[in-house]
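Each chain is listed here by its residues.
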Amino acid sequence: MFCFNSDIELIDLGNGVKRKILAHDGNMMAVEVHFETGAIGAMHHHPHEQLTYVLSGEFEFTIGDETKIVRAGDTLYKKTNIEHGCVCKQAGVLLDMFTPQRLDFL
């Protein structure tokens, strides 16, 4: 499967957050998430494993009971059902990878 970013719609989720659903199948999914400064990724959990790669910007991330500042080049792992969320400190883009894919996003 080829997935060309320029062909994918950027979906406005509101409150300074936008999302692009990239390549995916039943076992895996890549999602690009764009944040404006001050936007919040509300605390939540899900049954999917998740890797987040920071493409740009600066974020204050909470995973479980740990909170840290992350920047471009940093990677975060969230195990299944762990509570996590973020506050965007400087506008940026995250690349989220889920396994299995997030059917609720499709």
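Quick caveat: nothing in here was measured; it's all calculated off a predicted structure.

Procedures and definitions
Residues numbered from 1 in each chain as written. Predicted model: local features only at pLDDT ≥ 70, side-chain atom pairs only at ≥ 80, totals over all residues. Heavy atoms only, no water. Helix = DSSP H or I, 4+ residues; strand = E, 2+ residues; numbered from the N terminus. Rg over C-alpha atoms; globule rule 2.2 N^0.38 Å. Buried < 20%, exposed > 50% of the residue type's maximum accessible area, 1.4 Å probe, protein only. Contact = heavy atoms within 4.5 Å. Areas by Shrake-Rupley, 256 points an atom, 1.4 Å probe, with all protein chains shown as cover. Polar contact = N/O pair within 3.5 Å; in protein donor to acceptor, adjacent residues only side chain to side chain. Core = buried A, V, L, I, M, F, W, Y, C linked by side-chain atoms within 4.5 Å. Pairing = 2+ DSSP bridges.

**Q** Just give me the short version of the overall build of the protein, but keep the residues and values in it.
**A** When helices and strands are tallied, the protein shows zero helices and eight strands. Mapped in sequence order, the helices and strands of the protein form the string β-β-β-β-β-β-β-β. For the protein, whose C-alpha radius of gyration is 13 Å, the value lies close to the compact-globule estimate of 13 Å for 106 residues. If one aligns the C-alpha atoms of the protein with their principal axes, the spans along those axes are about 35 × 30 × 25 Å. Going through the 106 residues of the protein one by one, you find that 40% of them count as buried. For the protein, the share of sequence-separated contacts (at least 6 apart) that also reach a separation of at least 24 residues comes to 61%. Accessible area of the protein: about 6,200 Å², with a carbon and sulfur share of 54%.

**Q** Could you give an account of the environment of Ala91, with specific residues and numbers?
**A** When you line up the elements, Ala91 lands in strand 8 (residues 84-99). The sequence separation of Ala91 and Glu36 amounts to 55 residues, and the corresponding C-alpha distance is 4.5 Å.

**Q** Go over the side chain of Glu58, please, and point to the residues and values.
**A** With respect to the secondary-structure elements, Glu58 resides in strand 5 (residues 49-63). A distance of 2.8 Å separates a polar atom in the side chain of Glu58 from a polar atom in the side chain of Arg71. In this view, Glu58 contacts Ile69, Val70, Arg71, Val87, Cys88, Lys89 and Gln90; residues no more than four positions away in its chain are not counted.

**Q** Can you tell me about the nonpolar core, naming the residues and giving the values?
**A** One broad trend across soluble globular proteins is that nonpolar side chains are buried collectively. Membership of the largest hydrophobic core comes to 18 residues, with the highest contact counts inside it found for Val31, Phe35, Phe59 and Phe61. For this core, the elements supplying multiple residues, two or more each, are strand 2 (17-24), strand 3 (29-35), strand 5 and strand 8.

**Q** Which residues make up the pairing of strand 8, and what are the values?
**A** For strand 3 and strand 8, the ladder comprises seven bridges, and the chain directions are antiparallel. Across the sheet, Phe35 pairs through a bridge with Gly92, a residue of strand 8. Across three bridges, the pairing between strand 4 (residues 40-44) and strand 8 is antiparallel. Across the sheet, His44 pairs through a bridge with His84, a residue of strand 8.

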